[in-house]
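Okay, here's what each chain looks like letter by letter:
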Amino acid sequence: MMGSSIQITMLVFLSLFSLGKASNEPDSLEVMHVRVTNQLANGVVLTIHCKSADNDLGVHVLSYGQFIGWHFRRNIWGTTRFYCYLFSKRGNNSFDVFRQGMCSRHCPWFVRDNGTCLETHKPYKSFCYPWPSKGQESLGS
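Values in this document were obtained by computation on a predicted structure and should not be read as measured data.

Two orientations exist for strands paired in a sheet by backbone hydrogen bonds: parallel and antiparallel. The sheet built from 4 strands is open, its strands ordered β3-β2-β5-β6 with antiparallel pairing. Unpaired on one side and paired on the other, β3 (56-62) and β6 (91-98) mark the two borders of the sheet. Sheet twist, expressed as the average angle between the axes of neighbouring strands with direction ignored, equals 15 degrees. Bridge count for strand β5 (residues 82-88) against β6 is 7 bridges, and the pairing is antiparallel. Bridging across to β6, Phe-87 finds its partner in Asn-92.

Following this line, the structure appears as structure tokens:
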């Protein structure tokens, strides 16, 4: 008897939880994909270090056209956040590469001469973090 009471409570909780979720938000169980590609002109090498509160993806050196990519599941609170530090001849910068609502299941980023740009296709969304002015380089998020 006690077991069925717990099962009913869990079913009610899960039903209420799923009703409260916006239909356009990805489910926290879906796998999210992030990819950052070096598209800096003239063969400029990009050094990138990405991490979250729980994961350090290490330092990677990317030539033109190379990328770093990873996948993960969002936490149930929707507070998962990944950020990256960039170092190149173009300058140094940091940016959020993933936050809830920033992109759907795929977050394709391109590091270019005008900045670091997110370009999603469904729905189409594009915006860039510009490179900081010389002498005002950002190393914190």
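Counting residues in each nonpolar core, the largest one holds 25 residues, and the members touching the most others are Val-34, Val-36, Ile-48, Trp-70, Val-97, Phe-98 and Trp-109. Going through the elements one at a time, β1 (31-38), β2 (46-52), β4 (67-73), β5, β6 and β7 (106-112) are the ones with two or more residues in this core.

For residues besides glycine, phi is generally negative; the peptide bonds are generally trans as well. With a phi angle near 60 degrees, Asn-42 is a residue other than glycine that sits in the positive phi range. As for its placement among the helices and strands, Asn-42 is situated in the loop between β1 and β2.

The strand order across the open sheet formed by 5 strands is β4-β1-β7-β8-β9, and the pairing between neighbours is mixed. Edge positions in the sheet fall to β4 and β9 (124-129), since each has one partner strand and no second. Sheet twist, expressed as the mean angle between neighbouring strand axes with direction ignored, is 15 degrees. Taken together, the 6 bridges between β1 and β7 define a ladder with parallel strand orientation. Directly across from Thr-37, in β7, lies its bridge partner Phe-110.

This part covers the environment of Cys-117. By the secondary structure assignment, Cys-117 is in strand β8 (residues 115-121). Excluding anything up to four places from it in sequence, Cys-117 contacts Pro-108, Trp-109, Phe-110, Arg-112, Phe-127 and Cys-128.

About the thresholds
Counting from 1, residues in each chain are numbered in the order their sequence is written. The predicted nature of this model means local features are confined to residues of pLDDT at least 70 and side-chain atom pairs, given and counted, to a pLDDT of 80 or more, with totals for whole chains, interfaces and linings taken over all residues. Computation of side-chain values covers all heavy atoms of the structure but excludes hydrogens and water. A strand pair is defined by DSSP finding two or more bridges across the two strands. Secondary structure elements are taken from DSSP: a helix is a run of H or I of four residues or more, a strand is a run of E of two residues or more, and numbering for both begins at the N terminus. For helices, the fitted line uses only the C-alpha atoms of the stretch in contact; every axis is such a line through C-alpha atoms, and the angle between N-to-C directions lies from 0 to 180 degrees. Residues enter a nonpolar core if they are buried and are Ala, Val, Leu, Ile, Met, Phe, Trp, Tyr or Cys, with the set joined through side-chain atoms within 4.5 Å. Type-normalised accessible area, obtained with a 1.4 Å probe on protein chains alone, sets the label of each residue: buried when under 20%, exposed when over 50%, and partly exposed for intermediate values. Here, residues are in contact when the closest pair of their heavy atoms is within 4.5 Å.

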